[in-house]
Amino acid sequence: MSRVCVAVVCLLLIASTSQPSSVITESDFVPQFNPTLKAHRVNGEIKIDGQLNDAGWRGALPAGNFTEHSPGDEIAPPVRTEAFVAYDEDNLYLAAVCYADSSKVRASMCERERIFDDDNIGFFFDPYGDATRAYIININPHGIPYDALWSASYGEDDNFDLMFESRGIVTDSGYQVELAIPFSSLRFPNKPVQQWRFDFYRHHLREVHYSMSWATYDQNQSCWPCQWGTVTGIENVKPGKGLELLPSFVAHQSGSVADATFPDTSFANGDIYGDLSIGGKYAVSSNVVVEGAYNPDFSQIEADASQVDVNTTYALQYEEKRPFFQEGMDLFLTYFNAVYTRSINNPDYAAKASARFGRTAFAALSAHDEQSLSILPFEEHSSYVPLSKTLTNMFSLRQSIGASSYIRGLMTDQRVDGGGSGTLSSFDTKLHLNKSVSLRGQFMATHTEEPDDTSMTSHLEDGATFDDGKHTVAFDGESYWGIGALAGVMYNVKNFYAYSRVYERTPTYRAANGFQPRNNDRRWMTEAEYTIRPSGTIFSSIEPGVDFARIWNFDGLRKDEWIRFDCETQLRFAQGSFWAEYLLSRERLGGIDFRDIRVFTISAQACPVRLVEGGWTLSYGNMIARNYLRMGRETNVNAWLKLRPTDRVLAEVDFTYNKSHDVETREKFFEGHILWTRLGYQFNRELSFRLVTEYNGFGDRWSVDPLITYRINPFSTFYAGATYDYDKYLDCGVTNDRTMTCLSQRQFFIKIQYLFQT
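About the criteria used
- Just so you know, the residues in each chain are numbered from 1, in the order the chain's sequence is written.
- Per-residue local features are limited, in this predicted model, to residues with pLDDT of at least 70; the limit for side-chain atom pairs, both in listing and counting, is 80 or more; totals at the level of whole chains, interfaces and linings are taken over all residues.
- Hydrogens and waters are ignored; side-chain quantities use all the structure's heavy atoms.
- Every helix listed is a DSSP run of H or I at least four residues long, and every strand listed is a run of E at least two residues long, numbered separately from the N terminus.
- Put simply, the radius of gyration uses C-alpha atoms, and a globule should come to 2.2 Å times the residue count raised to 0.38.
- For each residue, the accessible area found with a 1.4 Å probe, counting protein chains only, is set against the maximum for its type, and the residue is called buried under 20%, exposed over 50%, and partly exposed in between.
- Following DSSP output, two strands are said to pair if at least two bridges run between them.
- Nonpolar core, defined: a set of buried Ala, Val, Leu, Ile, Met, Phe, Trp, Tyr and Cys residues in which side-chain atoms within 4.5 Å join the residues together.
- Should any heavy atoms of two residues lie within 4.5 Å, those residues are considered in contact.
- Whether two aromatic rings pair depends on their centres lying within 6.5 Å, for rings of Phe, Tyr and Trp, where Trp uses its six-membered ring; planes under 30 degrees apart make the pair stacked, over 60 edge-to-face, and the rest tilted.
- Cysteine sulfur atoms are paired as a disulfide whenever they come within 2.5 Å of each other.
- pLDDT runs from 0 to 100 and stands for how confident the predictor is about each residue.
- Salt-bridge detection follows one rule: a side-chain nitrogen of Lys or Arg within 4 Å of a carboxyl oxygen of Asp or Glu.
- Under this definition, polar contacts are N or O atom pairs within 3.5 Å; protein pairs additionally need one hydrogen-donor-capable and one acceptor-capable atom, and for neighbouring residues in sequence, both atoms have to be side-chain atoms.

K.L.:
Would you mind going over the overall build of the protein chain with me for this structure?
P.N.:
Along the backbone of the protein chain there are one helix and 43 strands. Relative to the globule expectation of 27 Å for 758 residues, the C-alpha radius of gyration of the protein chain, 28 Å, shows essentially globular dimensions. Here the C-alpha coordinates of the protein chain stretch approximately 100 × 65 × 60 Å along the principal axes. Residue burial in the protein chain is summarised as follows: out of 758 residues, 52% are buried.

K.L.:
Can you help me understand the pairing of strand E33 (residues 577–589) in this one?
P.N.:
Moving residue by residue along a regular strand, the side chains alternate between the two faces of the sheet. Across 11 bridges, the pairing between strand E32 (residues 558–571) and E33 is antiparallel. Each residue of the ladder has a partner; that of Thr569, found in E33, is Phe578. Once E32 ends, the chain turns through five residues before running back antiparallel as E33, passing Ala574 with a positive phi of about 55°. In the sheet, E33 pairs with strand E34 (residues 592–609) via 12 bridges, with the strands oriented antiparallel. Bridge pairing in E34 places Leu583 opposite Val599. Linkage of E33 to E34, two consecutive antiparallel strands, is achieved through a turn of two residues, within which Gly590 is found at a positive phi near 60°.

K.L.:
Quick question: what am I supposed to make of the sheet that holds strand E5 (residues 91–99) here?
P.N.:
Hydrogen bonding along the main chain pairs the strands of a sheet, whether they run parallel or antiparallel. Read from one edge of the open sheet, five strands run E2-E4-E5-E11-E10, paired in mixed fashion. Looking at which strands have only one partner, the edges of the open sheet turn out to be strand E2 (40–41) and strand E10 (165–171). Examined bridge by bridge, E2 and strand E4 (residues 81–87) share two bridges and lie parallel to one another. Its bridge partner lying in E4, Arg41 is registered against Tyr87.

K.L.:
Got a minute to help me understand the nonpolar core in this structure?
P.N.:
It is characteristic of soluble globular proteins that their nonpolar side chains tend to be buried jointly. Leu92, Phe125, Ile181, Leu186 and Phe200 are the most contacted members of the largest nonpolar core, which totals 40 residues. For this core, the secondary-structure elements that each account for two or more residues are E4, E5, strand E6 (120–126), strand E7 (133–139), strand E11 (174–182), strand E12 (193–205) and strand E14 (229–235). Setting aside its immediate chain neighbours within four residues, Leu186 contacts Leu92, Phe125, Tyr135, Leu162, Ile181 and Trp196. Counting residues in each nonpolar core, the second largest holds 29 residues, with Leu410, Met444, Tyr509 and Met525 among its members.

K.L.:
Explanation requested: the packing of aromatic side chains in the structure shown.
P.N.:
What describes a pair of aromatic rings is the distance from one ring centre to the other and the angle between the planes of the rings. Overall, the coordinates contain 28 aromatic pairs when judged by the stated rule. On the basis of an interplanar angle of 70° and a centroid distance of 5.5 Å, the ring pair of Phe124 and Trp224 is categorised as edge-to-face. Of the two residues, Phe124 sits in strand E6 while Trp224 sits in the loop between strand E13 (209–213) and E14, which places them 100 residues apart along the sequence. Judged by its relative accessible area of 5%, Phe124 is buried.

K.L.:
Just to check I follow, could you spell out the state of the cysteines for this structure?
P.N.:
Such a bond, covalent and formed between the sulfur atoms of two cysteines, is termed a disulfide. Throughout the structure, instances matching the rule amount to one disulfide. With a sulfur-sulfur separation of 2.0 Å, Cys223 is cross-linked through a disulfide to Cys226. Between Cys223 and Cys226, the S-S torsion sits near 70°, and that sign places the bridge as right-handed. You'll find Cys223 and Cys226 in the same group, each marked buried.

K.L.:
Looking at this structure, I do not really get the confidence of the model for the protein chain. What am I missing?
P.N.:
Close inspection of predicted coordinates is inappropriate for parts of the model with low pLDDT. When pLDDT is averaged along the protein chain, the result is 88, and 90% of the positions lie at 70 or above. Taken together, the stretch residues 1–20 has pLDDT below 50 and engages in four contacts with residues farther than four places along the chain or on a different chain. Residue range residues 303–318 is modelled with pLDDT below 50. Its contacts to residues more than four positions away, or to other chains, number 51 contacts.

K.L.:
Explanation requested: the pattern of salt bridges in the structure shown.
P.N.:
Pairing of side chains with opposite charge becomes possible as their charged atoms draw close. According to the stated counting rule, one finds 41 salt bridges in the structure shown. Between Arg197 and Asp126 there is a salt bridge, and its shortest N-O distance comes to 4.0 Å. Of the two residues, Arg197 sits in strand E12 while Asp126 sits in strand E6, which places them 71 residues apart along the sequence. Asp126 matches Arg197 in its accessibility class, with the two residues each being buried. Measuring nitrogen to oxygen at the nearest pair gives 3.0 Å for the salt bridge that ties Glu587 to Arg626. Placement of the pair is Glu587 in strand E33 and Arg626 in the loop between strand E35 (612–625) and strand E36 (630–646), with a sequence separation of 39 residues. Note on Glu587: relative accessible area 10%, which makes it buried. The class of Arg626 is partly exposed, set by a relative accessible area of 24%. By sharing partners, the salt bridges in this structure join Glu111, Arg114, Glu652, Arg678 and Arg711 into a single network.

K.L.:
Honestly, unusual backbone geometry in this entry has me stumped. Any pointers?
P.N.:
A cis amide bond, omega 0°, links Ser70 with the succeeding residue Pro71. Looking at where Pro71 falls in the secondary structure, it is placed in the loop between strand E3 (67–70) and E4. Look at Ser404: it is not a glycine, yet its phi comes out positive at around 60°. Backbone geometry places Asn520, a non-glycine residue, at a positive phi of 55°. When you line up the elements, Asn520 lands in the loop between strand E29 (496–505) and strand E30 (521–530).

K.L.:
Honestly, the side chain of Thr448 in this entry has me stumped. Any pointers?
P.N.:
On the secondary structure map, Thr448 appears in strand E25 (residues 437–449). Residue Thr448 is classed as buried on the basis of its relative accessible area of 8%. Excluding its chain neighbours within four sequence positions, the residues that come into contact with Thr448 are Ser421, Glu478, Ser479, Tyr480 and Arg510.

K.L.:
Is there a simple way to think about the pairing of strand E23 (residues 406–416) in this case?
P.N.:
Where strand E22 (residues 390–400) and E23 come together, 11 bridges link them in antiparallel fashion. Bridging from a neighbouring strand, Ser400 pairs with Tyr406 of E23. Following E22, the chain reverses through five residues before pairing antiparallel with E23; Gly402 in that reversal takes a positive phi of roughly 95°. Here E23 pairs with strand E24 (residues 421–432) via 10 bridges, running antiparallel. By the bridge assignment for E24, Met411 is matched with Ser425.

K.L.:
What am I meant to see in the environment of Phe683 here?
P.N.:
When you line up the elements, Phe683 lands in the loop between strand E38 (668–682) and strand E39 (687–696). C-alpha separation for the pair Phe683 and Glu449, spaced 234 residues apart in sequence, amounts to 54 Å. The contacts of Phe683, once residues within four sequence positions are left out, are Arg648, Ser688 and Phe689.

K.L.:
Can you help me understand the side chain of Asp147 in this one?
P.N.:
Along the chain, the position of Asp147 falls in strand E8 (residues 145–151). When its relative accessible area of 0% is taken as the criterion, Asp147 is described as buried. If we ignore the near neighbours within four places in the chain, the residues touching Asp147 are Arg112, Glu113, Ile136, Ile137, Asp158, Phe160, Asp161, Leu162 and Phe164.

K.L.:
Whenever I open this one, the environment of Arg588 confuses me. Can you help?
P.N.:
Tracing the sequence through the fold places Arg588 in strand E33. Taking the C-alpha atoms as reference points, Arg588 and Lys559, separated by 29 residues in sequence, lie 4.8 Å from one another. Not counting residues within four places of it along the chain, the set of residues in contact with Arg588 comprises Glu380, Leu557, Arg558, Lys559 and Asp593. A polar atom in the side chain of Arg588 sits 3.4 Å from the backbone oxygen of Gly591.

K.L.:
I keep staring at the environment of Pro182 and nothing clicks. Help me out?
P.N.:
Topologically, Pro182 is positioned in strand E11. Between the C-alpha atom of Pro182 and that of Ala338, which follows or precedes it by 156 residues, the distance is 33 Å. Excluding anything up to four places from it in sequence, Pro182 contacts Asp90, Asn91, Met163 and Phe164.

Below, the structure is given as structure tokens:
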């Protein structure tokens with residue numbers, strides 16, 4: 001009997017060691033800087049299902065021994081991870097086994113891009129190895145992806161979408177993910193043997209947010225991709241060549257009240273309109289891609305959330321979400337927003353080309369726009385001016401010079417039908433002097449020729465001038481040059497970061513295709529931050545920081561200066577964080593010196609359990625009421641909440657409140673709030689429903705936006721939805737004198753879009 005017991009114990013010990021433990025011990029941990037892995041050439045079939053038991057994975061070597069970056073400082077992580085790379089002549093295959101307590105795995109069946117409240121594993125790779133451009137893919141335990149394009153000039157651009165297949169499953173020992181990326185979707189060198197920078201980056205969300213990766217990081221190194229590992233062994237594969245066609249059809253019907261001032265009970269529905277568009281992409285060679293679109297659908301299905309503009313005199317910037325701006329657009333992203341693609345509003349045709357030869361890359365774009373908007377920037381405000389038809393051309397050329405360093409030339413040109421133009425020429429660079437110090441710089445020259453049509457600017461102040469009276473605000477055919485420039489130095493070592501920069505924009509600087517809502521300013525700005533990682537406390541990190549700045553105009557008059565102290569802390573429970581800031585400032589606005597600006601802001605957020613996540617921000621203090629040119633006592637509140645009763649349901653609420661009154665007289669300047677809600681249900685990976693509602697108390701308006709989405713991939717989609725706008729009126733067709741909320745506008749729409757690949 002004793003021999004049987006001994007045999008059973010031995011078998012149990014053998015079984016327990018046959019599979020990797022979900023926990024790694026400090027004694028097992030060895031830091032690995034710039035590790036290497038040889039990719040596995042597939043010898044059998046790989047089915048993308050998350051199982052990893054196909055013949056094609058046999059013999060694949062694991063990338064393991066991950067390092068925890070946060071909250072720990074380059075230490076052994078709390079869980080074990082293994083990642084794999086394989087390939088055949090058509091696809092790059094990636095997979096990961098993420099060990100964890102399966103009962104605590106956080107996973108949602110959700111839409112693409114909305115996975116960062118879940119556990120997830122990232123696959124980051126730079127095929128050219130020069131640390132200027134890299135693909136970013138994160139996958140949650142259900143295989144739902146997030147993808148982005150990282151560039152040295154801009155950082156992470158999550159508007160980018162990549163074609164690939166992914167799946168994931170939750171297992172008894174954690175979760176597994178698997179994906180196949182066609183080589184036709186990727187840009188990489190056309191050579192027989194590949195060597196790619198690579199890292200696998202896992203987010204493990206429990207009481208704290210653990211982040212860990214395959215590569216150990218040198219905290220004195222400021223170049224992030226330079227610290228990744230290397231994947232070798234990918235041989236005799238070719239970048240994709242071929243044709244992609246993207247036709248789409250949009251149909252809509254709009255309606256509105258017959259009289260917006262005194263609405264009656266009738267509601268006038270317009271005709272049903274349909275628009276057919278087609279876009280195409282052709283890989284001329286492994287290095288050159290061209291795109292074209294006729295009557296392109298530049299619609300955005302997800303409505304822009306309202307922004308509070310009650311106390312700003314500058315134009316508001318909105319995110320670009322349209323799929324045409326994908327390939328090669330990282331070459332147009334600079335420190336100054338010299339290119340703002342939403343300035344191309346409603347084109348009847350557009351074309352784009354991008355290419356890369358070794359360390360040299362270029363991109364070109366041309367579009368003829370039916371309805372453009374121009375931003376007119378001034379010293380203390382900006383204005384929108386609608387233009388007639390415009391022709392826009394852009395060109396960018398970038399040369400990589402060392403790891404994550406480059407020089408680039410950029411030119412944009414906008415021509416207005418009937419006369420008028422705006423041209424910008426730019427040169428910018430990023431140079432790593434060593435692993436801790438980098439330089440940034442940009443110089444721009446702009447030339448503006450105004451349209452000779454004052455009716456286009458009739459809504460602006462009559463007779464207003466700028467540049468010390470040398471030019472009028474009205475479009476009266478004037479022409480002038482402008483200059484914009486920036487120079488900065490960044491210092492980044494372990495636990496300490498500092499960035500100092502100076503820049504200027506002359507009174508005549510205008511970026512016709514950019515987002516530049518202000519000019520006539522010279523600035524000096526410096527910021528610094530230090531990280532403390534206390535042990536044996538409730539804080540996993542404490543990050544105090546300071547920034548200070550001064551702004552002058554070109555007459556040497558001080559316009560603004562401030563010093564700001566802040567501190568962010570990460571807690572060791574409930575994924576909690578806390579942030580506080582105190583601002584002291586003096587600003588000159590409208591010829592008045594406001595010397596007592598002081599604002600205190602606090603913010604907190606937490607995810608105590610998987611079902612609930614929320615946070616809030618409160619700021620209070622003396623701020624200028626800009627539309628009154630008086631000092632106000634202002635209160636701003638924002639609170640948000642996410643509820644997940646199941647892994648397929650997500651309810652979101654966001655509340656913003658703003659109020660200001662005169663510091664001395666208590667006269668109220670403004671008060672209002674915006675309440676936004678979103679309720680979503682994910683039936684499966686492809687089919688989802690969401691209902692967005694918003695109440696804007698500043699305009700006393702409600703909006704309701706239901707939407708059904710069927711998404712096969714990022715480009716093949718079907719949408720059906722509606723938009724309802726409700727305004728407050730007197731009567732609403734009722735005979736007594738009452739104010740009521742009534743339907744003022746309505747739109748129904750469908751959109752069908754499908755990607756054909758050959």
